[in-house]
Amino acid sequence: MLIGEDFDKIQFEFLGLQLQEPIGFAGDVIIFLVSMFIAYKIKQIGTEKPFFKNWYWFFMVFGWGFLAGGFGHLLYYYLGVPGKYGSWYSGVTTTFFMERAMISLHHNSKFIKIAKRFSLLKLAVGLIGLTWIVSTYDLDNNFSKGMLFPTINSTIGVLFSLVYLGIYYSKRIHKSFNYFWISFLIMVPSVFISSLKINLHQWFDKNDLSHVVLLIGVIFYYLGIRGYARFLSMNR
């Protein structure tokens, strides 16, 4: 175990290519496959309602963003920091779909109108801010600045959508919405894993552990979505 600093990146050669972080790549691919499967299941439920439609697009963009991020890790020798742009931009976009999904169920039309405008404004600020960062700063030695806008955007969106609205809907609509705010609690440790650099092993570092935590949280999203779908089918 190594805490407070990172192991050297695992590098290897395959078919004449200089590659790195194979476990991180595998983790991103698993998240991609799980996301595609969940998107497929939501499609089966039906995407006529904005709640399910936006969650479908959340998982589509989320999954492809992680796949892009996986190749960004694997091919870092060739792509450099630009190889991470896809995952950064998808992080901003997926938060928007999450917000739109949860906002759509509110009973107050005025609240929906204001919340949608705020969500759209936050998306624009996130995308413009991220573009400004990648265009202005040299991120080769420290690409943490590239995560600034996606992280702030995601934190605000998750607290509003999953925690505030999740708790509100669990009391007003159905208990299945408890899964959303519980997913937030599940994923909180990943913040400390990354910031404290808790690396269990060179072959299972902080990023790999965060992937496991994130995957569990994402599954809880689906449990909440499925629970609400079942609630609707029982009350037709």
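For the structure itself, consult the block above.
Residues numbered from 1 in each chain as written. Predicted model: local features only at pLDDT ≥ 70, side-chain atom pairs only at ≥ 80, totals over all residues. Heavy atoms only, no water.

### Quick look at the overall build of the protein chain
- Secondary structure assignment for the protein chain yields nine helices and four strands.
- Going residue by residue from the N terminus, the α and β elements of the protein chain occur as β-β-β-α-α-α-α-α-α-α-α-β-α.
- For 236 residues, the compact-globule estimate of 2.2 N^0.38 gives 18 Å, and the C-alpha radius of gyration of the protein chain, at 19 Å, lies within 12% of that figure.
- With the C-alpha coordinates aligned to their principal axes, the bounding extent of the protein chain is approximately 60 × 35 × 35 Å. (Helix = DSSP H or I, 4+ residues; strand = E, 2+ residues; numbered from the N terminus. Rg over C-alpha atoms; globule rule 2.2 N^0.38 Å.)

### Some thoughts on the packing of helix 6 (residues 148-172) against helix 7 (residues 178-187)
- Between helix 6 and helix 7, the shortest axis-to-axis distance is 7 Å and the interhelical angle comes to 140 degrees. As the angle between them shows, helix 6 and helix 7 are arranged oblique. The chirality of how helix 6 crosses helix 7 is left-handed. Where helix 6 abuts helix 7, its residues Val158, Leu159, Leu162, Val163, Gly166, Ile167 and Ser170 lie against Asn178, Phe180, Trp181, Ser183 and Phe184.
- Split by residue class, the contact of helix 6 with helix 7 holds eight nonpolar, four polar and no charged. (Axes fitted to C-alpha atoms, helices over the stretch in contact; angles between N-to-C directions. Parallel < 35°, antiparallel > 145°, perpendicular 65-115°, else oblique. Left-handed = near helix turned anticlockwise from the far one by under 90°. Contact = heavy atoms within 4.5 Å. Nonpolar A, V, L, I, M, F, W, Y, C, P; charged D, E, K, R; others polar.)

### Comments concerning the pattern of salt bridges
- Under the definition given, this model contains one salt bridge.
- Residue Glu99 is joined to Lys122 by a salt bridge in which the shortest nitrogen-to-oxygen separation is 2.4 Å. You can see Glu99 sitting in helix 4 (residues 85-103) and its partner Lys122 sitting in helix 5 (residues 109-136), a full 23 residues away along the chain. Lys122 carries the same exposure label as Glu99, and that label is buried. (Salt bridge = Lys/Arg side-chain N within 4 Å of Asp/Glu carboxyl O. Buried < 20%, exposed > 50% of the residue type's maximum accessible area, 1.4 Å probe, protein only.)

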